[in-house]
Amino acid sequence: MLKTVRVPPHFEPLFEQAQEFVGRIFAERSDIPDKGRIEVFGQRYMLVRARAMSVEFFEMVQRLYRDKGQDEALGVARSLLFDIAHAMGLSDARDFADRMQLQDPIARLSAGPIHFSHSGWAFVDISPDSRPVPDESFYLLYDHPYSFESDSWIDAGKRTDFPVCVMNAGYSSGWCEASFGVPLVATEILCRAKGDEHCRFIMAHPSRIEGCIDAYLHGQPHLAGRVTRYEIPGFFSRKQQEDELRSREEQYRGIFEAGTNALLILDAETGVVVQANPAASRLFRCSRDDLAGRRFADLVAASGGPDLFARMRAAVHGHGHFLSEGTATARDGKAYIVELRGARFRLQSRDHLLAVLTDITEQKRAQLALRQAHDELEQRVRERTAELERLNQQLHLLNSQLVSARDSAIDASRAKSAFLANMSHELRTPLNAIIGYSELLEDESGVDGVPLDLGDLGKIRGSARHLLDLINDILDVSKIEAGKMELFVESFAVDELVQEVIATIEPLARKNDNRLELAARPGLGAVALDRTKVKQIIINLLSNACKFTHRGVVGLKVSREAGPRGEQLVVAVQDTGIGIDPARLEELFQPFRQADESTTRKYGGTGLGLSISRHYAEMMQGGIEAHSAPGQGSTFTVTLPIALHSVEAAE
């Protein structure tokens, strides 16, 4: 007799077999709190508080996205919860099908609702109107009478106007997708958390889900008024959109950089230059950094009246475009007659003006010469006019392409900025909280006679710090690629730095039974470099050496030697580890690259350490060289100037 699921009668035999099998699995549950484990039939499970994955998760996302509005926050929360649950359902369905040795789609489906009940998600009641078949006509109508998500909202005293059982929809559609071999999504149309009698779901192929919902409501007209604010999810669509926006941004950035016309992005209120392209740098004979912050009125003078920027801003706001001529003055005093086109431009979620400047000095001179010699050179005037028309058509075409690129680049820039800001906040905040609470628990260990397992707390804190370091590495790479990484040059003693590095690395060397050898003569003196970055370079190289060496020797040699630009600091890290093919050494300095996939699986890591180290060395006018061979270990040599300001002065 079925107790953990309700299905149409003709499905009951299969589901009874699944109920017996899954029941035996969950009967073999072991709680091992001293090891932080819960095992069910030999596999590790974990308990999660229901409210944390439902009502409290929505509230957290709404706080993070308060400046974006409630609809945006709800969309982000729903997408995240659905995608996670959908992936979980796919994985669990495949695991149970393998363990139960099932091939029939209905039989593969049968374990899902019963596993749902045993793991505390919900009870499943499948309607006889369902049509579960392994093709795009798949249709499943079902209720979750005791959904953990709706119960969480009700128990918290919260009332919503939208369906909240997002993870239930994601998990069940993932399980069915794995069972029937066709893409499926599920949508909750009725929800007890918003006052409905049931938590009711419709599952179908993504291309047919809307039609199935319409057909159901047509047959149940009394429910149409209660089915509100439901959402049809797109699995991982948010990630795909972000990738597409990032690709489009790169394309339009390329257009901006390669444009032959001078392009200036101006603050819409003050007329100050925010960004300039290389063509503008050539026109005004100064660097792009020098152009940034200059007033447009100081660069281009009006030929048709005063206050050219004010006229351009008014025309763009009133008509969407602006066209005029003026005189541009370069840094060396040379003046150009330019054609100025203005348009609205969105950058970093703010309105700006895009000024397109075309040097028409020669054209103007040619026109004057043609007018003066009109009688004698009529044929040449016609040829010049035809050439000017052709050039003008090209300018119009380029301008229309830039205007079209502008709108798409706005959305791409906004998405990238939001993604970086949100991910930095969302990842760092919980990790810092984990580190803080674990340290607090260690401090309070043994208070009131309650002992705590400090070893596990140390593992928690260590793992959290490791994740935080990885996030910081990724953000450092982003800063480097964006050209926003800065140097902080200071004078410091090399001997002290080496001792700090050794103290940091010795535990890591002992972990793999390695012997750490230091070859550094006393009295290495002081250098004027970025101390933090020099220390990180050496630690990154020694960490890699310790990680890829077992029961071997890791050596650190520090010296001052003569170089092509004067005395330099030389740091060599040598190990007797696994080594690498010399032909692949340069790949190690690319972001997110390691020797091969097997190395990543065996030794871990993100492939960022060497890339960041090389960038830091080059920022300090130095470099890193590598020598290695498979099975013979590796040597990484860092060369840096003794005093960075001296090198820059010499250059």
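All of the points below concern the structure found in this document. (Residues numbered from 1 in each chain as written. Predicted model: local features only at pLDDT ≥ 70, side-chain atom pairs only at ≥ 80, totals over all residues. Heavy atoms only, no water.)

1. Let's talk about the sheet that holds strand E3 (residues 37-40)
Line of reasoning, step 1. Strand order in the open sheet made by the three strands is E2-E3-E4, with antiparallel pairing throughout. The open sheet has two edge strands, strand E2 (29-32) and strand E4 (43-45), and neither has a second partner. Between one strand axis and the next, the sheet turns through 30° on average, direction left out of account.
Line of reasoning, step 2. In this structure, E2 lies alongside E3, joined through four bridges in antiparallel fashion. Along E3, the bridge assignment pairs Arg 29 with Val 40.
Line of reasoning, step 3. Along the sheet face, helix H1 (residues 12-27) touches E2, E3 and E4 and points at about 25° away from the line of E2. (Pairing = 2+ DSSP bridges. Helix = DSSP H or I, 4+ residues; strand = E, 2+ residues; numbered from the N terminus. Axes fitted to C-alpha atoms, helices over the stretch in contact; angles between N-to-C directions. Contact = heavy atoms within 4.5 Å.)

2. Things to note about the sheet that holds strand E20 (residues 623-628)
The strands making up a sheet associate through hydrogen bonds between their backbones, and the pairing can be parallel or antiparallel.
Line of reasoning, step 1. Read across the sheet, five strands follow the order E16-E18-E19-E21-E20 without closing on themselves; strand pairing throughout is mixed. Every interior strand has two partners, whereas the edge strands, strand E16 (515-520) and E20, have only one. Across the sheet, the axes of successive neighbouring strands diverge by a mean angle of 15°, strand direction being ignored.
Line of reasoning, step 2. Both E16 and strand E18 (residues 553-563) contribute to a ladder of six bridges, which runs parallel. Its bridge partner lying in E18, Ala 520 is registered against Val 558.
Line of reasoning, step 3. Each of E16, E18 and strand E19 (566-575) is contacted by helix H16 (residues 494-511), which is oriented at about 170° to E16, the strand it contacts most.
Line of reasoning, step 4. Packed on one face of the sheet, helix H17 (residues 531-547) meets E18, E19, E20 and strand E21 (634-641) and runs near 145° to E18.

3. What about the packing of aromatic side chains?
Line of reasoning, step 1. In the structure shown here, the tally under the stated rule is 14 aromatic pairs.
Line of reasoning, step 2. Plain terms: the ring middles of Phe 138 and Phe 180 are 5.0 Å apart, the flat faces sit at 70° to each other, and that makes the pair edge-to-face. Of the two residues, Phe 138 sits in the loop between strand E5 (124-126) and strand E6 (139-143) while Phe 180 sits in helix H6 (residues 166-180), which places them 42 residues apart along the sequence. Each member of the pair Phe 138 and Phe 180 is classed as buried.
Line of reasoning, step 3. The ring centre of Phe 96 lies 4.8 Å from the NZ or CZ of Arg 99, which sits over that ring. (Phe/Tyr/Trp six-rings, centres within 6.5 Å; stacked < 30°, edge-to-face > 60°. Buried < 20%, exposed > 50% of the residue type's maximum accessible area, 1.4 Å probe, protein only. Lys NZ or Arg CZ within 6 Å of the ring centre and 35° of its normal.)

4. Quick word on the pattern of salt bridges
Line of reasoning, step 1. Counted according to the given criterion, the structure contains 26 salt bridges.
Line of reasoning, step 2. Taking the shortest distance from any N to any O, the salt bridge between Arg 200 and Asp 143 comes out at 2.8 Å. Of this pair, Arg 200 sits in strand E8 (residues 200-204) while Asp 143 sits in strand E6, placing them 57 residues apart in sequence.
Line of reasoning, step 3. On the accessibility criterion, Asp 143 (10% relative accessible area) is buried.
Line of reasoning, step 4. With its nearest N and O atoms 3.4 Å apart, the salt bridge here joins Glu 339 to Arg 341. Arg 341 shares its class with Glu 339; the two are buried.
Line of reasoning, step 5. Residues participating in the shared-partner salt-bridge network are Lys 194, Asp 196 and Arg 226. (Salt bridge = Lys/Arg side-chain N within 4 Å of Asp/Glu carboxyl O.)

5. Remarks on the packing of H1 against helix H3 (residues 70-100)
Line of reasoning, step 1. Relative to each other, H1 and H3 sit at 100°, their axes nearing to 12 Å. As the angle between them shows, H1 and H3 are arranged roughly perpendicular. In this structure, H1 uses Ala 18, Phe 21, Val 22 and Ile 25 to contact H3, whose residues at the interface are Phe 96, Arg 99 and Met 100.
Line of reasoning, step 2. Classifying every residue of the contact of H1 with H3 gives six nonpolar, no polar and one charged. (Parallel < 35°, antiparallel > 145°, perpendicular 65-115°, else oblique. Nonpolar A, V, L, I, M, F, W, Y, C, P; charged D, E, K, R; others polar.)

6. A few points about the pairing of E18
Line of reasoning, step 1. As paired elements, E18 and E19 share ten bridges and run antiparallel to each other. Bridged to Glu 561 within E19 is Gln 568.
Line of reasoning, step 2. In this structure, the hairpin formed by E18 and E19 is closed by a connection of two residues.

7. What to know about helix H7 (residues 209-219)
Line of reasoning, step 1. Among the residues of H7, Ile 209, Cys 212, Ile 213, Tyr 216 and Leu 217 are the ones counted as buried. Along H7, the residues classed as buried sweep out an arc of 130° about the axis, all on the same side. Within H7, the exposed residues directed more than 90 degrees away from the buried face are Glu 210, Ala 215, His 218 and Gly 219.
Line of reasoning, step 2. Looking at the buried residues of H7, the elements they touch are E6, strand E7 (185-190) and E8. (Arc of directions from axis to C-beta.)

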